[in-house]
Amino acid sequence: MEPILQIKHLTHTYGVGTPFQRSAVEDMSFEVREGEFLGIMGHTGSGKSTLIQHLNGLLKPTSGQVLLAGKDIWAEPKKIREVRFRVGLVFQYPEYQLFEETVYKDIAFGPANMGRTGAELDRCVREAARLVGIRDEQLDKSPFELSGGQKRRVALAGVLAMEPDVLVLDEPTAGLDPAGRENLMANIRDYHRNKQKTIVLVSHSMDEIAQNADRILVLKGAHILMSGTPAEVFARGEELLSAGLDVPEVTRIAMALRDRGLPIDPAVYTVEALERQLLALRKGGAAC
Amino acid sequence: MLKDITLGQYFPGNTVAHRLDPRTKILLVLFYIVALFCAQGVVTYTLLALCLAICVRISHVGIRQLVRGLKPVLFIMIFTGVLNLFFTPGGRNLVEWGVIRISEQGLHNAVFMVLRIMLLIMGTFLMTYTTSPISLTDGLERLLNWMKRFHVPVHELAMMMSIALRFIPTLIEETDKIMSAQKARGADFESGSLIQKAKALIPILVPLFISAFRRADELATAMECRCYHGGEGRTRLHVLRYEGRDITALCLGGAIMVGVIVMSRFGL
Ligand SMILES: Nc1ncnc2c1ncn2[C@@H]1O[C@H](COP(=O)(O)OP(=O)(O)OP(=O)(O)O)[C@@H](O)[C@H]1O
Ligand SMILES: [Mg+2]
C-alpha cells in the first residue's frame, strides 16, 4: 500500500539569520502508512512538535518535502487548507484554543470551516463528542466551565469532527491524572480501530507508546535515532536509556532480570509477553 | 511572521556595549537624540552616523537585525519623506511637472528627515538589543528616582514596565501558538473582506485574553507569596554602579553632543 505521508529530507531551521538560528529538524526521512499507529518519542527539545507541524503544513520546510498521498503539500500553497482538513493536528495543551460560547459551537468550528452545514455538521459534532466521551447535556455548556481534562476532550473533539484521514496528536495526555490518561488513550484507540484511520502520536510516556503503536520513531537532537516496531526499538533498550529516554516499565524489569543472568529476551514491552517468558523459563527449570 | 516583531528584543552578548551600566546607555541614547535633532548639515549627520556605526561594530549586533527593526516604521519614513519632498517650498525647483514640484529645499529636507528617523530608531534599538529589559527598567527607575520626592510612583511604573516587557515575547509566542491551533482547524486569516478578517480574529483574541488574565492572576499570586509590597524598603540583588567605562562613555557621548550642537550653529 502506498504510504499516506512521506517525509523526505525534511529540515527546519528557526530564526534564520539571527543569533538564535538553530535547526530543530534535520534531514529526516520516513513514511506513515495508511491505517497505522505511529508513535514518536524523543527527549524534550528533540524536534517532535516542530516535525509534526510540517505534516499539515503549519510550518513550511526550510528544505525537503512532505508528500500527502503522493502529492507535495506545498505544490499549491493556496490549497494548504485542504491538507489541514485531511491531516488533523491536536496541539500540546489544546484546551487553550477553546473560544466559543458553547462546547457544541467550538467543536463545530473545524467542520464549519470545511463548509459543512445543517444535518451533516450536526452529525460530525455529535459523533466527535461521543467519541471522546462528552455527554449530550455538556454540549450546551460553556467550555470554560469544564474541568481541564474535559476541556482537553472538547479540543480533541474539535479536530476529530473534521474527520481527518490522519490524526496527529502532540502529547495528548500531558498533565492529566492516570485515570484521565487511560480514558483518553482508550478514546483514541477506539477511534483508530473503528474508523481505520491513521494516527501519529507524540508522547513522553513509553508505556503509552508501547501499548498502542504499530511502529515507533525515536528522535534525538533533531535527527531520527531509530525507527521500527516496538519490539525492534525496545530491544535496544540500553541505547534508549543512554539517549536520555525511558523504556517501558516492563522492559526495564526485563533488562534488570537479564542483568542478573536470566536468559530473557529484552525486547518485551508488555506484561503478557514477559509473563509468558518467565513461565516458560520456570517450566524449563531454570534457576528462578 | 509574528516573530519578526523585534521590539524590545534583547540579544545577549558580552561586549562593552552589553556591559555598560543601563543608566549610561539610556543617557547616551538621550544625548544621541538631542544631537540628532540639532544636527543640520552633512558633517554633523555623517558624524552621528559614524558614531552609530562604531557602536554597532562594538556591540556585535548584526546590521541585518538593526535594519529589520526599521520595518514597522517604514510607512512613517516613506510618508515623511514624500511629504517633505513635495510640499517644501524654497530654493530652485528641480522638477516641475504639472502640480508636482520638487524644490531643492524639499529634497534636502526629505533626505535628512528620513535619515534622522532611521538613525533615531536604530540608535534606540541598539540599546534594547544590548540591554536586557530587566536592567533597562532598573536603570530607568534609578535615573528617575528623584521624581519620587514629587510623589511620582517611579517604582510602580518601572515594575509595570518590566512586567509588560517581560510578557511581550510570551504573548507573541502564545498568539503564534493559538493561531497555529486555529489554522489547524481550518481558520483562515488571510482572505476575505475586512469584516470577515476582523471576525477571524475572535478565535485568537478570546483564548489570548483568557490566558493573559490567567497569567496576570498567577503572577500576582506568586508576587504576593514572596511578600512583594511595593518599592518601600526593597533592596536589590544587582546594585548598579558606575564604572570607569561608564564615565568614559558618558564623557565621550557628551562631548560629541556638544560638538554637534556647536557645529550645527555654524550650519555644518
Ligand atoms: N517558534 C520557535 N522559534 C524558535 N525556536 C523554536 C521554536 N519552537 C521550537 N524551537 C526550538 O526548536 C527545538 C525543538 O523544539 P520542539 O518544540 O520541536 O521540541 P519537542 O521535541 O516538541 O519538545 P517537548 O517534548 O518539550 O515538547 C527546541 O530547541 C526549541 O528551542
Ligand atoms: Mg513539543
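A.B. asks: Is there a simple way to explain the interface of chain B and chain A in this structure?
C.D. replies: Every contact between the two is made by 23 residues of chain B and, on the other side, 24 residues of chain A. Summed over both sides, the interface of chain B with chain A buries roughly 1,900 Å², with 62% coming from carbon and sulfur. Together, A184(B), R185(B) and G186(B) form the three largest contributors to the area buried by chain B at its contact with chain A, with a combined 34%. The tally of links from chain B across to chain A stands at 2 salt bridges.

A.B. asks: Got a minute to help me understand helix α7 (residues 133–143) of chain B in this structure?
C.D. replies: Structurally, the α-helix is built with 3.6 residues per turn, so residues lying three or four positions apart point the same way. Of all the positions in α7(B), only P133(B), L136(B), T137(B), D138(B), G139(B) and E141(B) are classed as buried. Among the structural elements, α2 (22–38), α6 (104–130) and α8 (154–184) of chain B are those in contact with the buried residues of α7(B).

A.B. asks: Teacher, can you tell me more about the sheet that holds strand β4 (residues 63–68) of chain A here?
C.D. replies: Note on sheets: strands pair through backbone hydrogen bonds, and any given pair is parallel or antiparallel. Residues and elements named next belong to chain A. Taken in spatial order, the 4 strands make up an open sheet running β2-β1-β4-β5, and their pairing is antiparallel. Looking along the sheet, the strands with just one partner apiece sit at the ends: β2 (22–33) and β5 (71–72). In this sheet, β4 lies alongside strand β1 (residues 3–14) in antiparallel orientation, the contact comprising 5 bridges. Residue pairing for β4: K8 is matched across the bridge by Q65. In the packing of helix α1 (residues 48–55) onto the sheet, the strands contacted are β1, β2 and β4, and the crossing angle to β1 comes to about 125°.

A.B. asks: Honestly, the coordination of the magnesium ion (ligand 2) in this entry has me stumped. Any pointers?
C.D. replies: The reference angle at a metal is 109.5 degrees if four donors form a tetrahedron and 90 or 180 degrees if six donors form an octahedron. Residue and element names in this part refer to chain A. Protein-derived coordination of the magnesium ion (ligand 2) comes from S49 (OG) and Q92 (OE1), at a distance range of 1.9 to 2.7 Å. A residue pair is termed long-range when its members are at least 10 positions apart, and S49 in helix α1 and Q92 in the loop between β6 (87–90) and α3 (103–113) qualify at 43 residues. Owing to a relative accessible area of 23%, S49 belongs among the partly exposed residues under this scheme.

A.B. asks: What exactly am I supposed to notice about the packing of aromatic side chains here?
C.D. replies: How two aromatic rings sit relative to each other is given by the distance of their centres and the angle of their planes. All names here are of chain B. Scanning the model with the defined rule gives 7 aromatic pairs over all chains in all. Taking the centre distance of 4.9 Å and the plane angle of 50° together, the rings of F11 and Y129 count as tilted. Of this pair, F11 sits in the segment before α1 (16–19) while Y129 sits in helix α6, placing them 118 residues apart in sequence. Judged on exposure class, the residue F11 and its partner Y129 are both buried.

A.B. asks: Teacher, can you tell me more about the confidence of the model for chain B here?
C.D. replies: Low-pLDDT stretches of the model should not have their predicted coordinates read in fine detail. Residue-level pLDDT values for chain B average 87, and 97% of them are 70 or greater. Interface confidence in the predicted complex, given as ipTM, is 0.86; pTM for the same model is 0.77.

A.B. asks: Any chance you could explain the pattern of salt bridges here in plain terms?
C.D. replies: Side chains that differ in sign of charge can pair as their charged atoms come close. Counted under the stated rule, the structure contains 26 salt bridges over all chains. Of the charged contacts in the structure, one is a salt bridge between E141(B) and R236(B), with a shortest N-O distance of 3.1 Å. With E141(B) in helix α7 and R236(B) in the loop between α10 (202–225) and α11 (244–265), this residue pair connects regions lying 95 residues apart in the sequence. Exposure remark for E141(B): the relative accessible area of 9% places this residue in the buried category. Judged by its relative accessible area of 32%, R236(B) falls in the partly exposed class. In the salt-bridge network here, residues are joined through shared partners; they are R116(A), E120(A), R123(A), E127(A), E163(A) and K195(A).

A.B. asks: Quick question: what am I supposed to make of the packing of α2(B) against α11(B) here?
C.D. replies: Pairs of packed helices are described in terms of their axes, by the angle between the two and the distance that separates them. All names here are of chain B. Orientation of α2 relative to α11, taken along the N-to-C sense of each, is 10°, at an axis distance of 9 Å. Classed by the angle they form, the pair α2 and α11 counts as roughly parallel. On the side of α2, the interface is formed by T24, L27, L28, F31, V34, A35 and C38, while α11 contributes D246, A249, L250, G253, G254, M257, V260, I261 and S264. For the contact of α2 with α11, the residue count by class is 11 nonpolar, 4 polar and 1 charged.

A.B. asks: Is there a simple way to explain the environment of S211(B) in this structure?
C.D. replies: All names here are of chain B. With respect to the helices, strands and loops of the structure, S211 is situated in helix α10. Look at S211 and you get buried, because its relative accessible area is 2%. Each C-alpha atom of the pair S211 and Y242 lies 40 Å from the other, and the pair is 31 residues apart in sequence.

About the thresholds
- Residues numbered from 1 in each chain as written.
- Chains lettered and ligands numbered in written order.
- Predicted model: local features only at pLDDT ≥ 70, side-chain atom pairs only at ≥ 80, totals over all residues.
- Heavy atoms only, no water.
- Contact = heavy atoms within 4.5 Å.
- Buried area = accessible area lost by both parts, 1.4 Å probe.
- Salt bridge = Lys/Arg side-chain N within 4 Å of Asp/Glu carboxyl O.
- Buried < 20%, exposed > 50% of the residue type's maximum accessible area, 1.4 Å probe, protein only.
- Helix = DSSP H or I, 4+ residues; strand = E, 2+ residues; numbered from the N terminus.
- Pairing = 2+ DSSP bridges.
- Axes fitted to C-alpha atoms, helices over the stretch in contact; angles between N-to-C directions.
- Donors = N, O, S within 2.8 Å, 3.2 Å for Na, K, Ca; no water.
- Phe/Tyr/Trp six-rings, centres within 6.5 Å; stacked < 30°, edge-to-face > 60°.
- pLDDT = per-residue confidence, 0-100.
- Parallel < 35°, antiparallel > 145°, perpendicular 65-115°, else oblique.
- Nonpolar A, V, L, I, M, F, W, Y, C, P; charged D, E, K, R; others polar.

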